[in-house]
Amino acid sequence: MSDLIHYRLEEGLALIGLDRAPVNALGQALRAALSDACERAAADPRVMAIILYGERGLFSAGADITEFGTDASFAEPDLPSTLVRLTEIHKPLIAAVGKLALGGGLELALACGYRVGEPGTRVGLSEINLGLLPGAGGTQRLPRLIGAESALNLILSGEQIGAERALLLGILDRIATGAEQLLDEARAYAFELISCSAPARPAEAWPQPAEDLPDDFLARYRSEHESRWKSRLAPRLVLSALEAACLLPLEEGLARELTLFKQAESSRQSKALRHVFFAEREAARIPGIESNLQLRKVEKVAVIGAGTMGGGIAMNFVNAGIPVALLELKGEALDRGLMQIRQNYEISVKRGKMTAKQLEQRMELLYGTLDYADLADADLVIEAVFEKLEIKQQVFRTLEEVCKPGAILATNTSSLDVDQIAATVSRPQDVIGLHFFSPANVMRLLEVVRGKATAPDVLATTMKIAKRIGKLPVISGVCFGFIGNRMLEPYAREAHRLVLEGATPAQVDAVLTGLDLNMGVFSMLDLAGIDVNFLIRSANRAASAHDESYCRLGDELYAMGRYGQKSGRGFYLYQGRNRQEDDEVVALSARLAGELHVPRRSIDDQEIHDRCLFMLINEGIQLLDEGIALRASDIDLVWINGYGFPAHLGGPMHYAEHLGLDKILSGIQHHRRALGEYGEMWFRPAPLLERLVAAGRNRIERL
Ligand code: T1G
């Protein structure tokens, strides 16, 4: 027997333990070993019932994602046929579902006749997060167990649900007293089934999965939800599979599911989402720092500034059960900040996302203060004051005096030089940038900015604490705007220039949302605030002084007091959140073009795509070459989680590889020529891009 499976016979029970660290991914070798073990138990007359369980407590995280797109994915015995074989065994098969059963792991449990969980069990069909659909029976067996509508919602959401809800839905038959008791109680359940000669598989709970649903349920579901899916393929394939579950006998439904699955597996979108899955795991690794490095303890946190950012940052820590001291200079500002946090939580209570008791527990972890001395025992201090270098430096000088040795001093600056801030204290090794994205209690991305003096344990500790507060930390070096905002600059510059040359803000944004970006650049600038963007630009004016037309439209709107959504007018006109084109902006851009001698012409969507995206990508490749980003996949994570770049395109770097680096280089060179002096100024291919293309390489990595 392979060491991937533990097999033992106990009093008529065959206990089959899956043992492939870390998550019992159902790769070819484990499938083969599992299949052999089940055949053995099925054939052994001494065996009255079979129990499958995870040897290390975790049941299975599903198919082996590393196999997708390779021959191993469907190498014999493939998962769908292995599970069909399990359903043909004429002995009760019980899945003891410890900790986690996701994707193929849940499908394995669904192929068993009976399922027992424990209080910490979480189950889900998370394939959609990988641009896939369940491919081993999930879309056919789950609807027959819990009904078509519940199954559809679970598969389309890809969410993980807890044991209680799984029991309620009928996915689990029982919940053991505790994780420790799971196997014992699964045994007891097996003996019960044997003693009452229970069938190998109980009758289907929903032989007609769509029994009490209107005939046009799925069709209406598609029409109501299709727009939200944008160009995503997987949700549409899931619906087709559910249609098969409702209309076809099981065997035919399984065959249909397999066809749809293979379509998804070979799709560009799934390749992109699988890239994102591994990119997230890779981002946590810090080259040159051992994973067993001694970290600093973080049990108490302090946040300076109770404004929108400071309040949101504080919420992340109290949500994770970490007490926070929130400091402000004035009482009314502190009260306003604490009140805002309470109101945010009250909204969550109204939405049923937390209880009133939990709200009070969170507020009890918050301690408002006007006195820096109250920060003396904080392990981590995060400064979130006004985005001005001198102000931040002054705060750090004060922190130097009050904070204990070993406290981590972090700045939430979104673009300023972390080294210049660190230079104001005698312990720059304790200083790091933690760039949260607004709203800080919601946005998952956290740019962790390593200063030239930042100590390895400070970096490793903040990466760990970031994960603990539910963030996706991505390491950036120090430069203006770090990874995200630095790439935003050429992207927004091109958008501004295209409007001067004849496009409209709506046309530019339509091209970008047409690519499934959550938001066009002008809508994003209006949301973030034209004033905020103007101040960031002003702090780096020297870099664009040679171009009179540089974001001139934004500067003009700022001068007119049009700050975007918050002032009801920016690049668009706003009635509440309703956005509409503003003819005055189009007229203004024409006037500015005249003053700046920028020729106007009609501009097609392809040019808008190429100029905005190629400049974004080019800047990403440049900052990778400079070592600001550790890897191209980190850049993808920043733009997916911070700027609404579609995950099913894999992020701007993955998208660039899909388009072809040679095509991007020739596109940049074309516009350099076509746009005359302006082209000369800005369309400079990143040297790394030129080196990669010259070397015939299409993978973005340092060379
Ligand atoms: N395949 C291969 N490797 C996997 C894996 C998987 N399914 N799941 C995790 N890993 C690796 C991961 O890369 C990392 O490796 C290590 O395990 C620990 O993971 C036919 C089509 C399970 C909740 O979508 O959501 O079944 O970086 O760092 O934070 O219908 O991993 O250490 O080298 O994430 O504790 C469906 C994906 C597959 C679950 C654990 N399954 N995994 O989170 O640790 S498709 C999923 C997760 C499928 C069938 C279909 C999470 C986790 P390394 P980790 P974690």
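As a reminder, the structure under discussion sits directly above these lines.
Here's what I pulled together on the structure shown here.

Parameters and conventions
- Residues numbered from 1 in each chain as written.
- Predicted model: local features only at pLDDT ≥ 70, side-chain atom pairs only at ≥ 80, totals over all residues.
- Heavy atoms only, no water.
- Helix = DSSP H or I, 4+ residues; strand = E, 2+ residues; numbered from the N terminus.
- Rg over C-alpha atoms; globule rule 2.2 N^0.38 Å.
- Buried < 20%, exposed > 50% of the residue type's maximum accessible area, 1.4 Å probe, protein only.
- Contact = heavy atoms within 4.5 Å.
- Areas by Shrake-Rupley, 256 points an atom, 1.4 Å probe, with all protein chains shown as cover.
- Lys, Arg positive; Asp, Glu negative; His and termini not counted.
- Charge placed at Lys NZ, Arg CZ, Asp CG, Glu CD.
- Pairing = 2+ DSSP bridges.
- Axes fitted to C-alpha atoms, helices over the stretch in contact; angles between N-to-C directions.
- Parallel < 35°, antiparallel > 145°, perpendicular 65-115°, else oblique.
- Left-handed = near helix turned anticlockwise from the far one by under 90°.
- Nonpolar A, V, L, I, M, F, W, Y, C, P; charged D, E, K, R; others polar.
- Near = heavy atom within 4 Å.
- Polar contact = N/O pair within 3.5 Å; in protein donor to acceptor, adjacent residues only side chain to side chain.
- Salt bridge = Lys/Arg side-chain N within 4 Å of Asp/Glu carboxyl O.
- Core = buried A, V, L, I, M, F, W, Y, C linked by side-chain atoms within 4.5 Å.

### Some words on the overall build of the protein chain
Right, so step 1: For the protein chain, the count of helices and strands is 29 helices and 19 strands.
Right, so step 2: Taking 2.2 N^0.38 as the reference for a compact globule, 703 residues should give roughly 27 Å; the C-alpha atoms of the protein chain span a radius of gyration of 28 Å, in line with that estimate.
Right, so step 3: A burial count over the protein chain gives 56% of its 703 residues as buried.
Right, so step 4: Sequence separation of 24 or more characterises 72% of the internal contacts of the protein chain that already satisfy a separation of 6 or more.
Right, so step 5: Of the roughly 29,100 Å² of accessible surface on the protein chain, 53% is carried by carbon and sulfur atoms.
Right, so step 6: Side chains of the protein chain give 77 positive and 92 negative charges; the mean places of these two sets differ by 2 Å.

### Observations regarding the sheet that holds strand E2 (residues 13-18)
Right, so step 1: Read across the sheet, six strands follow the order E1-E2-E3-E4-E6-E9 without closing on themselves; strand pairing throughout is mixed. Each end of this open sheet is capped by a strand with a single partner; those strands are strand E1 (5-10) and strand E9 (174-175).

### A closer look at the packing of helix H5 (residues 148-157) against helix H9 (residues 234-247)
Right, so step 1: At a minimum axis separation of 11 Å, H5 and H9 run at an interaxial angle of 155°. As far as their axial angle goes, H9 and H5 are roughly antiparallel. The chirality of how H5 crosses H9 is right-handed. Residues Ala148, Leu152, Ile155 and Leu156 of H5 form the contact with H9, whose own contacting residues are Pro235, Val238, Leu239, Leu242 and Cys246.
Right, so step 2: In terms of residue class, the contact of H5 with H9 is made up of nine nonpolar, no polar and no charged.

### Regarding the site of the ligand
Right, so step 1: Near the ligand there are 27 residues, and of these Ala61, Gly104, Glu107, Glu127 and Arg281 occur at the shortest range.
Right, so step 2: Between a nitrogen atom of the ligand and a main-chain N or O atom of alanine 61, the distance comes to 2.8 Å.
Right, so step 3: With respect to the ligand, the backbone of isoleucine 65 contributes an N or O atom lying 2.9 Å from a nitrogen atom.
Right, so step 4: Starting from 1,000 Å² of accessible surface for the ligand in isolation, the protein chains cover 73%.
Right, so step 5: Counting residues per element, the ones that place at least two in the shell around the ligand are strand E5 (100-102), helix H3 (104-111) and helix H11 (268-283).
Right, so step 6: The dominant element in the shell around the ligand, judged by the number of residues it contributes, is H11, at three residues.
Right, so step 7: Its residues assigned to classes, the shell around the ligand comprises 16 nonpolar, five polar and six charged.

### Remarks on the pattern of salt bridges
Right, so step 1: Inspection of every chain in the model, using the stated rule, returns 53 salt bridges.
Right, so step 2: Residue aspartate 379 is joined to lysine 297 by a salt bridge in which the shortest nitrogen-to-oxygen separation is 3.1 Å. In this pair, aspartate 379 is assigned in the loop between strand E12 (366-369) and strand E13 (380-383) and lysine 297 in the loop between H11 and strand E10 (301-304), connecting sequence segments 82 residues apart.
Right, so step 3: With relative accessibility at 49%, the residue lysine 297 sits in the partly exposed group.
Right, so step 4: Two residues, arginine 541 and aspartate 555, come together in a salt bridge whose shortest N-O distance is 3.1 Å. Placement of arginine 541 in the loop between helix H21 (530-538) and helix H22 (552-559) and of aspartate 555 in helix H22 is noted, with a sequence separation of 14 residues between them.

### As for the environment of isoleucine 146
Right, so step 1: Along the chain, isoleucine 146 turns up in helix H4 (residues 138-146).
Right, so step 2: The spatial distance from the C-alpha of isoleucine 146 to the C-alpha of leucine 169 is 6.0 Å, given a sequence separation of 23 residues.
Right, so step 3: Those residues in contact with isoleucine 146 that lie beyond four places of it in its chain are Ala151, Leu154, Leu169, Gly170, Ile171 and Trp206.

### Overview of the nonpolar core
Right, so step 1: If you look at the biggest cluster of nonpolar residues, it comprises 80 residues, and the most contacted ones within it are Tyr491 and Val508.
Right, so step 2: Counting residues per element, this core draws most heavily on helix H24 (residues 605-625), at ten residues.
Right, so step 3: Setting aside residues up to four positions removed in sequence, tyrosine 491 forms contacts with Leu512, Leu517, Val521, Met524, Cys612, Leu616 and Trp639.
Right, so step 4: Listed in part, the 69 residues of the second largest apolar core include Leu18, Val47, Leu86 and Leu152.

### Some words on the sheet that holds strand E16 (residues 445-449)
Right, so step 1: Strand order across the open sheet formed by eight strands is E12-E11-E10-E13-E14-E15-E16-E17, with mixed pairing between neighbours. Edge positions in the open sheet fall to E12 and strand E17 (472-476), since each of these has one partner strand only. Within this sheet the neighbouring strands show an average axis-to-axis angle of 25°, counted without direction.
Right, so step 2: Looking at chain direction, E10 and E13 are connected through four bridges and run parallel. When the sheet's bridge partners are listed, alanine 302 is paired in E13 with valine 381.

### Digging into the environment of alanine 205
Right, so step 1: Within the element layout of this structure, alanine 205 appears in the loop between helix H7 (182-195) and helix H8 (217-229).
Right, so step 2: As a C-alpha pair, alanine 205 and serine 270 span 65 residues in sequence and 32 Å in three-dimensional space.
Right, so step 3: Residues within four places of alanine 205 in sequence aside, it is in contact with Arg144 and Leu145.

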